[in-house]
Amino acid sequence: MQILDGKIAAAAVRESLKTEVSQLKAQGKRAPHLAVILVGNNGASETYVASKQKNSLEIGFLSTLVRLDATVSEEILLSEIESLNNDATVDGILVQLPLPKHISEQKVIETINPNKDVDGFHPVSAGNLVLGIPTFIPATPYGIMLMLEHYNIPTKGKHAVVIGRSNIVGRPMSILLSSNLPYGNCTVTICHSHTPNLKELCLQGDIVVAALGRPGFVKEDMIKDGAVVIDVGITRVPDETKKSGFRIAGDVDFENVAPKTSYITPVPGGVGLMTIAGLLKNTLVAYKKAEGIE
Ligand code: NAD
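Residues numbered from 1 in each chain as written. Predicted model: local features only at pLDDT ≥ 70, side-chain atom pairs only at ≥ 80, totals over all residues. Heavy atoms only, no water.

A look at the packing of helix 6 (residues 139-150) against helix 10 (residues 271-291)
Consideration 1: Viewed as axis vectors pointing N to C, helix 6 and helix 10 meet at an angle of 100°, and their least axial separation amounts to 7 Å. Relative to helix 10, the element helix 6 is oriented roughly perpendicular. Residues Ala139, Thr140, Tyr142, Gly143, Ile144, Leu146 and Met147 of helix 6 pack against Val271, Met274, Thr275, Ala277, Gly278, Leu279, Lys281 and Asn282 of helix 10.
Consideration 2: Taken together, the residues of the contact of helix 6 with helix 10 break down into nine nonpolar, five polar and one charged. (Axes fitted to C-alpha atoms, helices over the stretch in contact; angles between N-to-C directions. Helix = DSSP H or I, 4+ residues; strand = E, 2+ residues; numbered from the N terminus. Parallel < 35°, antiparallel > 145°, perpendicular 65-115°, else oblique. Contact = heavy atoms within 4.5 Å. Nonpolar A, V, L, I, M, F, W, Y, C, P; charged D, E, K, R; others polar.)

Here's what the structure looks like:
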């Protein structure tokens, strides 16, 4: 069993981006610029946004944070997005989800200019992904593809089982793994909350991606020997032994599943770190488009 280490793989992606950005700057070009909108002060969102900013700055991007109060109206949020859409110095726009209940996430996503949609959630990006047209790929599935690439995990002809069909993880993941890509070409089964024979399907998986948000859901009797297991789950579980009062748990019962696998991602330290790598790659793509490079 080998650990797929998000720290190592994400650092490698960042390093190559950093080199590319410094070369662009040496040619007299401006820095790529990511703008993040954060509504309210949800603890997890604050952590994600801080990490996205830190990583952006580390590789030489510009990073702008627009903070809005949790009570902000949908109208004002949409006008903030419009002004970033119209700002030629901004390449990528990300609105940190979840949003307060009175704001339509769909409306927000659809207001972002598809050319700046570095989260890859806009219907234009989703449509392109389905059609195999180069586009912004949602950051978490993109990060998983980068992880497979970093560790050179064979995927062609394998049976991949994806648990979860959300628009941000499960569904795009299933599309990528089934696409004709260097780390795609799998036969894919996508499972969800109405799948009756989940265990039997998982047991067929050469690659199992767990993205359902239920801590420890995937047990050792659901995984065949030698499978590759990718754990996307991130759930805060109360834990009094921790200073924060919680620990982060994945969807896989790591301790018991890991010995059966050929490769497995830990939580934390796995997919979560790759998600930001995916976002940074998308931002560079947006920048290059804006600058007419490649
Ligand atoms: P979601 O709630 O939108 O979707 C969960 C999916 O799991 C649904 O499609 C549902 O049908 C399926 N599901 C639920 N219970 C099931 C069951 N018993 N059997 C089979 N399928 C079941 O969640 P999401 O946004 O896709 O996120 C999933 C998990 O991944 C969460 O823990 C989330 O925090 C985590 N996540 C991690 C990252 C990261 O960077 N690592 C990014 C996004 C989400």
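Moving on from the coordinates now.
Quick notes on the sheet that holds strand 4 (residues 92-95)
Consideration 1: Overall, parallel pairing links the three strands, which are arranged 3-2-4 in an open sheet. Each edge of the sheet is formed by a strand with only one pairing partner; in this case those strands are strand 3 (62-68) and strand 4. Across this sheet, the average inter-strand angle for adjacent strands is 15°, counted without regard to direction.
Consideration 2: Where strand 2 (residues 33-39) lies against strand 4, four bridges are found, and the strand directions are parallel. Counterpart to Leu34 in the pairing with strand 4 is Gly92.
Consideration 3: Here helix 3 (residues 74-85) sits on the sheet and contacts strand 2, strand 3 and strand 4; the angle it forms with strand 2, its principal contact strand, is near 175°. (Pairing = 2+ DSSP bridges.)

What to know about the pattern of salt bridges
Close approach of charged atoms allows side chains of opposite charge to pair.
Consideration 1: Within this structure, the stated rule accounts for 10 salt bridges.
Consideration 2: Here Arg30 makes a salt bridge to Asp91, at a shortest N to O gap of 2.7 Å. Within this pair, whereas Arg30 is found in the loop between helix 1 (6-26) and strand 2, its partner Asp91 is found in the loop between helix 3 and strand 4, the two being separated by 61 residues in sequence.
Consideration 3: According to the relative accessible area criterion, Arg30 is partly exposed, its value standing at 26%.
Consideration 4: Using a relative accessible area of 1% as the deciding quantity, one classes Asp91 as buried.
Consideration 5: Residues Lys199 and Asp221 are paired through a salt bridge, measuring 3.4 Å at the closest nitrogen-oxygen approach. Of this pair, Lys199 sits in helix 8 (residues 198-203) while Asp221 sits in the loop between strand 7 (207-210) and strand 8 (228-231), and the two are 22 residues apart along the sequence.
Consideration 6: The exposure class assigned to Asp221 is partly exposed, which follows from its relative accessible area of 40%.
Consideration 7: Beyond isolated ion pairs, a larger network of salt bridges with shared partners links Arg14, Lys54 and Glu58. (Salt bridge = Lys/Arg side-chain N within 4 Å of Asp/Glu carboxyl O. Buried < 20%, exposed > 50% of the residue type's maximum accessible area, 1.4 Å probe, protein only.)

Some thoughts on the nonpolar core
Consideration 1: With 42 residues, the main nonpolar core has Ile144, Leu148, Leu177, Val209, Ile230 and Val232 as its most contacted residues.
Consideration 2: When contributions to this core are tallied by element, the ones reaching two or more residues are helix 1, helix 6, strand 5 (159-163), helix 7 (170-178), strand 7, strand 8 and helix 10.
Consideration 3: Top contributing element to this core by residue count: helix 10, with seven residues.
Consideration 4: Ignoring any residue separated from it by four or fewer positions in sequence, one finds Ile144 in contact with Met173, Val209, Ile230, Val232 and Val271. (Core = buried A, V, L, I, M, F, W, Y, C linked by side-chain atoms within 4.5 Å.)

Some details on the domain arrangement of the protein
Accessible area lost when the parts come together is the quantity often used to give the size of an interface.
Consideration 1: According to the domain assignment, the protein consists of domain 1 (27-113) and domain 2 (139-272).
Consideration 2: For domain 1 versus domain 2, the separation of C-alpha centres amounts to 28 Å. (Domains from an automatic or database assignment.)

A look at the packing of helix 6 against helix 7
Consideration 1: Their axes nearest at 9 Å, the elements helix 6 and helix 7 cross at an angle of 35°. In this structure, helix 6 meets helix 7 at a crossing whose hand is right-handed. Along its contact with helix 6, which presents Pro141, Tyr142, Ile144, Met145 and Leu148, the element helix 7 presents Pro172, Met173, Leu176 and Leu177.
Consideration 2: When its residues are assigned to classes, the contact of helix 6 with helix 7 shows nine nonpolar, no polar and no charged. (Left-handed = near helix turned anticlockwise from the far one by under 90°.)

Observations concerning the side chain of Asp251
Consideration 1: Along the polypeptide, Asp251 turns up in the loop between strand 10 (246-249) and helix 9 (254-257).
Consideration 2: Buried within the structure, Asp251 lacks any salt-bridge partner; its nearest side chain of opposite charge belongs to Arg214, at an N-O separation of 7.8 Å.
Consideration 3: A distance of 2.8 Å separates a polar atom in the side chain of Asp251 from the backbone nitrogen of Gly213. (Lys, Arg positive; Asp, Glu negative; His and termini not counted. Polar contact = N/O pair within 3.5 Å; in protein donor to acceptor, adjacent residues only side chain to side chain.)

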